[in-house]
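# Chain and residue survey
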Amino acid sequence: IQVAGLGGVAWRPGYLFHVAFYERPPIDALEQSKIQVLKREILGGELTDEHTFDVLLGMDVLTTGSLFLDKDGFRFRFGE
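The sections below set out a description of the structure shown in this document. Along each chain, residues carry numbers from 1 onward, in the same order as the chain's sequence is written. Per-residue local features of the predicted model are confined to residues with pLDDT of at least 70, and side-chain atom pairs are confined, for both listing and counting, to 80 or more; whole-chain, interface and lining totals are unaffected and use all residues. Heavy atoms throughout the structure, all of them, feed into the side-chain values; hydrogens and water do not.

## Some details on the overall build of the chain
Along the backbone of the chain there are one helix and eight strands. In sequence order, the chain lays out its α and β elements as β-β-β-β-β-β-α-β-β. Within these notes, the globule rule equals 2.2 Å times the number of residues to the 0.38 power, and the radius of gyration is based on C-alpha atoms. In summary, the chain has a C-alpha radius of gyration of 15 Å against a globular reference of 12 Å for 80 residues, an excess of more than 25%. Any two residues having at least one pair of non-hydrogen atoms within 4.5 Å are treated as being in contact. Counted over contacts in the chain with a minimum sequence separation of 6, partners at least 24 positions apart contribute 35%. In short, Shrake-Rupley with a 1.4 Å probe defines the accessible areas, and a residue's cover is counted only from the protein chains shown. A total accessible area of about 7000 Å² is found for the chain, and carbon and sulfur atoms account for 56% of it. With 8 positive and 12 negative side-chain charges, the chain shows a separation of 8 Å between the mean positions of the two kinds. Only DSSP runs of H or I with at least four residues qualify as helices, and only runs of E with at least two residues qualify as strands; both kinds are numbered from the N terminus onward. Under the counting rule used here, the positive set is Lys and Arg, the negative set is Asp and Glu, and His together with the chain ends is not counted. Lysine's charge is taken at NZ, arginine's at CZ, aspartate's at CG and glutamate's at CD.

## Describing the side chain of Thr64
Tracing the backbone through its elements, the reader meets Thr64 in the loop between helix 1 (59–62) and strand 7 (65–70). With relative accessibility at 17%, the residue Thr64 sits in the buried group. The definition of a polar contact used here is a pair of N or O atoms within 3.5 Å, where within protein one atom must be able to donate a hydrogen and the other to accept one, and adjacent residues in sequence count solely through side-chain atom pairs. A distance of 2.6 Å separates a polar side-chain atom of Thr64 from the backbone oxygen of Val61. Burial status follows relative accessibility: with a 1.4 Å probe on protein chains alone, a residue under 20% of its type maximum counts as buried, one over 50% as exposed, and anything between as partly exposed.

## Details of the pairing of strand 7
Any two strands between which DSSP finds at least two bridges are classified as paired. Bridging between strand 7 and strand 8 (residues 73–78) involves six bridges; their strand directions are antiparallel. The residue bridging Asp70 from the neighbouring strand is Gly73, located in strand 8. Here strand 7 folds back onto strand 8, and the loop between the two strands holds two residues.

## Notes on the nonpolar core
If you look at the biggest cluster of nonpolar residues, it comprises seven residues: Val19, Phe21, Leu38, Ile42, Val61, Phe76 and Phe78. Residues in contact with Val19, not counting those within four places in the same chain, are Gln36, Val37, Leu38, Ile42, Leu57 and Val61. Put simply, buried Ala, Val, Leu, Ile, Met, Phe, Trp, Tyr and Cys residues joined by side-chain atoms within 4.5 Å make one nonpolar core.

## Remarks on a nonpolar patch on the surface
Candidates for patches are residues over 30% relative accessible area with no salt bridge; among them, like charges are joined within 9 Å and nonpolar side chains (Val, Leu, Ile, Met, Phe, Trp, Tyr) within 5 Å. We count a salt bridge whenever a side-chain nitrogen from Lys or Arg sits within 4 Å of a carboxyl oxygen from Asp or Glu. Taken together, the side chains of Ile1, Leu16 and Leu43 make up a nonpolar region of the molecular surface, amounting to roughly 290 Å² of accessible area. Here Leu43 shows up in strand 6 (residues 42–45). Overall, the relative accessible area of 56% leaves Leu43 in the exposed class.

## Structural notes on the environment of Phe17
For Phe17, the position within the fold is in strand 3 (residues 14–17). Each C-alpha atom of the pair Phe17 and Met59 lies 15 Å from the other, and the pair is 42 residues apart in sequence. Once residues lying within four places of it in the same chain are set aside, the contact partners of Phe17 are Arg40, Glu41, Ile42, Gly44 and Val55.

## A short note on the environment of Val61
Relative to the helices and strands, Val61 is located in helix 1. As a C-alpha pair, Val61 and Ile27 span 34 residues in sequence and 27 Å in three-dimensional space. For Val61, the residues in contact, after removing those within four places along its chain, are Val19, Leu38, Ile42 and Phe76.

Encoded structure:
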């Protein structure tokens, strides 16, 4: 896919995926956790190797809910 960034437009391998968030992480391996799945397909391009994250979420995902940031970290809640 074509990706536009600070360095201009580049061709990158593209991926189709879904995004899900834990309501809260499991405490142990036997516990089931409730997850929230974004019911929208996301098309993303591969980033260069120097990044230290797996996925960069864009506004197409973030605008589907509410993102809360504070000194203890962050929480994301899908729209209700």
